[in-house]
Amino acid sequence: NAGVTQTPKFQVLKTGQSMTLQCAQDMNHNSMYWYRQDPGMGLRLIYYSASEGTTDKGEVPNGYNVSRLNKREFSLRLESAAPSQTSVYFCASKNTIGTDTQYFGPGTRLTVL
Amino acid sequence: QQQVKQSPQSLIVQKGGISIINCAYENTAFDYFPWYQQFPGKGPALLIAIRPDVSEKKEGRFTISFNKSAKQFSLHIMDSQPGDSATYFCAASPRGTSYGKLTFGQGTILTVHP
């Protein structure tokens, strides 16, 4: 039982390049989330998927797109990376029944030059 | 718009002391208030959580105090240990949805000196 896994762990991009961050969970959770963490700003919600087949914008969605590929996988895509997107990205998942706990992955550290 | 404000930004405590971190919220629709603990290079992990129907919740050395009228809640770490050194985030989510979107505070870096 690996919980929430994220790939890659580290990535360096040049401005304008694109990339996809991958997230998978093996806990059979319905809801999944993407956050970014910046110093002094806590974690901010980028996008979330309340259930398979649905996605919605969070607090800071500009410059990002997401895909809920199936119940296990939720990817985050940067179409044209900007230096302002340099951050640590966390994926999380949550069951919608019986618990309020979100479980976080280990994060992806992204640098955009 | 920061709906959950956390203080202090950093905190240094001696081993055996009490660490106190405070959060204030604005949205009266919030009804779930967790605290997450994050070690360097790791993702956040739930430490303890409370709902507004109680004023205090204790789990081991960790206690949440909740003041609904003041819209404030705090984390108390008793007998702080060097292993408690981490970043702590408060958060809140509103009632009425099963998917529970969390709004996080800015985080507090806690250092416990031996």
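Computed from a prediction, not measured in an experiment: that's the story for all the values here.

Asker: Outline the overall build of chain A, listing residues and values.
Answerer: From N to C terminus, chain A includes 0 helices and 11 strands. When the helices and strands of chain A are placed in sequence order, the string is β-β-β-β-β-β-β-β-β-β-β. By the compact-globule yardstick of 13 Å for 113 residues, chain A fits well, its C-alpha radius of gyration being 13 Å. Along the three orthogonal principal directions, the C-alpha set of chain A runs to about 40 × 25 × 25 Å. Within chain A, residue pairs in contact and separated by at least 24 positions form 55% of the contacts whose partners lie at least 6 positions apart. Working note: accessible area of chain A is about 5100 Å², and carbon and sulfur atoms make up 49% of it. Each charge sign in chain A was given a centre, from 11 positive and 8 negative side chains, and these centres are 6 Å apart.

Asker: Which residues make up the sheet that holds strand S8 (residues 74–78) of chain A, and what values go with them?
Answerer: All names here are of chain A. The 4 strands lie next to each other as S1-S3-S8-S7, forming an open sheet whose pairing is antiparallel. Every other strand in the sheet has two partners, leaving strand S1 (4–7) and strand S7 (64–68) as the edge strands with one partner each. Within the sheet, the average angular offset between the axes of one strand and its neighbour, ignoring direction, is 20°. Here 3 bridges tie strand S3 (residues 19–25) to S8, and the two strands are oriented antiparallel to one another. Of the residues in S8, the one forming a bridge with Thr20 is Arg77.

Asker: Give a description of the interface of chain A and chain B that names residues and reports values.
Answerer: Contacts between the two partners involve 21 residues from chain A, matched on the other side by 19 residues from chain B. Both faces considered, chain A and chain B share a buried interface measuring about 1700 Å² in area, 54% of it formed by carbon and sulfur atoms. Looking only at chain A, the three residues that lose the most surface to chain B are Leu43, Asp100 and Phe104 of chain A, adding up to 28% of its buried area. Linking chain A with chain B are 1 salt bridge. Linking Asp100 of chain A and Arg51 of chain B is a salt bridge whose minimum nitrogen-to-oxygen distance equals 2.3 Å. Linking chain A with chain B are 4 residue pairs in polar contact (both at pLDDT 80 or more), by the criterion used here. Put simply, the parts of the chain that give the side of chain A that touches chain B at least two residues each are strand S4 (31–38), strand S5 (42–49) and strand S9 (87–94) of chain A.

Asker: Go over the side chain of Gln25 of chain A with me, naming the residues and quoting the values.
Answerer: Residues and elements named next belong to chain A. Tracing the backbone through its elements, the reader meets Gln25 in strand S3. Of the polar contacts made by the side chain of Gln25, one reaches the backbone nitrogen of Asn28; its length is 3.2 Å. Leave out the neighbours within four places in its chain, and Gln25 touches Gly3, Val4, Met32, Arg68, Lys71, Arg72 and Ser93.

Basis of the calculations
- Residues numbered from 1 in each chain as written.
- Chains lettered and ligands numbered in written order.
- Predicted model: local features only at pLDDT ≥ 70, side-chain atom pairs only at ≥ 80, totals over all residues.
- Heavy atoms only, no water.
- Helix = DSSP H or I, 4+ residues; strand = E, 2+ residues; numbered from the N terminus.
- Rg over C-alpha atoms; globule rule 2.2 N^0.38 Å.
- Contact = heavy atoms within 4.5 Å.
- Areas by Shrake-Rupley, 256 points an atom, 1.4 Å probe, with all protein chains shown as cover.
- Lys, Arg positive; Asp, Glu negative; His and termini not counted.
- Charge placed at Lys NZ, Arg CZ, Asp CG, Glu CD.
- Pairing = 2+ DSSP bridges.
- Axes fitted to C-alpha atoms, helices over the stretch in contact; angles between N-to-C directions.
- Buried area = accessible area lost by both parts, 1.4 Å probe.
- Salt bridge = Lys/Arg side-chain N within 4 Å of Asp/Glu carboxyl O.
- Polar contact = N/O pair within 3.5 Å; in protein donor to acceptor, adjacent residues only side chain to side chain.

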